[in-house]
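# Residue-level structural notes
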Amino acid sequence: MDETQKKEIHKKLMHEIDNTQKKIAEYTELCKPIAPENSIGRISRMDAINNKSVVEAALRQAENKMQQLQFMQHKIKYTDFGMCNKCKQNIPLGRLMIRPHSKFCVNCAQ
Ligand SMILES: [Zn+2]
């Protein structure tokens, strides 16, 4: 991987980190306990509770992704960035552009 490619991935990483951060903030807001006096319109309280567990799962997922992104952000400074953690082959640039937090190549990720 050359410096130009690294720069591209880094840009993508920063963009993803920004997006994920916004998602985490949004989900955290949605996870706040529902005050009983709050009017939740046509949605029943039961639905709200169901939605809450969905949002909590999404929040955990976003936090997990954030950790991986931050790990990659750290790793991009080192030469083994873009290398599959398992087979030690270079992960194709196309894959890194879609999932900059990929630790494995397509084959090893399966
Ligand atoms: Zn691999």
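Source: prediction; values computed, not measured.

### Points about the coordination of the zinc ion
- Bound to the zinc ion are the protein donor atoms Cys84 (SG), Cys87 (SG), Cys105 (SG) and Cys108 (SG), situated 2.3 Å from the metal.
- On the primary sequence, the residues serving as donors to the zinc ion are separated as C-x2-C-x17-C-x2-C. With Cys84 in the loop between α2 (45–75) and α3 (93–98) and Cys108 in helix α4 (residues 106–109), the pair connects residues that are 24 residues apart, well separated along the chain. By the burial criterion, Cys84 is buried, and Cys108 matches it.

### Here's the deal with the confidence of the model for the chain
- Averaged over every residue, the pLDDT of the chain is 86; the share at 70 or more is 87%.
- Summarising per-element confidence for the chain, the mean pLDDT is lowest in α2 (88) and highest in α4 (93).

### A look at the nonpolar core
- In terms of nonpolar packing, the biggest core is built from 20 residues, with Tyr27 and Phe81 touching the most fellow members.
- Elements with a contribution of two residues or more to this core: α1 (3–31) and α2.
- Setting aside residues no more than four positions away along its own chain, Tyr27 makes contact with Val55, Ala58, Leu59 and Ala62.

### Brief notes about the side chain of Ser102
- If you trace the backbone, Ser102 turns up in the loop between α3 and α4.
- The exposure class of Ser102 is buried, given its relative accessible area of 3%.
- Of note is the side chain of Ser102, whose polar atom sits 2.6 Å from the backbone oxygen of Arg99.
- Ignoring anything within four residues of it in the chain, the contact list for Ser102 reads Met72, Ile91, Arg95 and Leu96.

### Considering the side chain of His101
- Along the polypeptide, His101 turns up in the loop between α3 and α4.
- Judged by relative accessible area, His101 falls into the buried class, the value being 7%.

### Brief notes about the environment of Lys86
- You can see Lys86 is positioned in the loop between α2 and α3.
- Between the alpha carbons of Lys86 and Phe104 there is a distance of 6.6 Å; along the sequence they are 18 residues apart.
- What Lys86 contacts, discounting residues up to four positions off in sequence, is Phe104 and Cys108.

Conventions we followed
- Residues numbered from 1 in each chain as written.
- Predicted model: local features only at pLDDT ≥ 70, side-chain atom pairs only at ≥ 80, totals over all residues.
- Heavy atoms only, no water.
- Donors = N, O, S within 2.8 Å, 3.2 Å for Na, K, Ca; no water.
- Helix = DSSP H or I, 4+ residues; strand = E, 2+ residues; numbered from the N terminus.
- Buried < 20%, exposed > 50% of the residue type's maximum accessible area, 1.4 Å probe, protein only.
- pLDDT = per-residue confidence, 0-100.
- Core = buried A, V, L, I, M, F, W, Y, C linked by side-chain atoms within 4.5 Å.
- Contact = heavy atoms within 4.5 Å.
- Polar contact = N/O pair within 3.5 Å; in protein donor to acceptor, adjacent residues only side chain to side chain.

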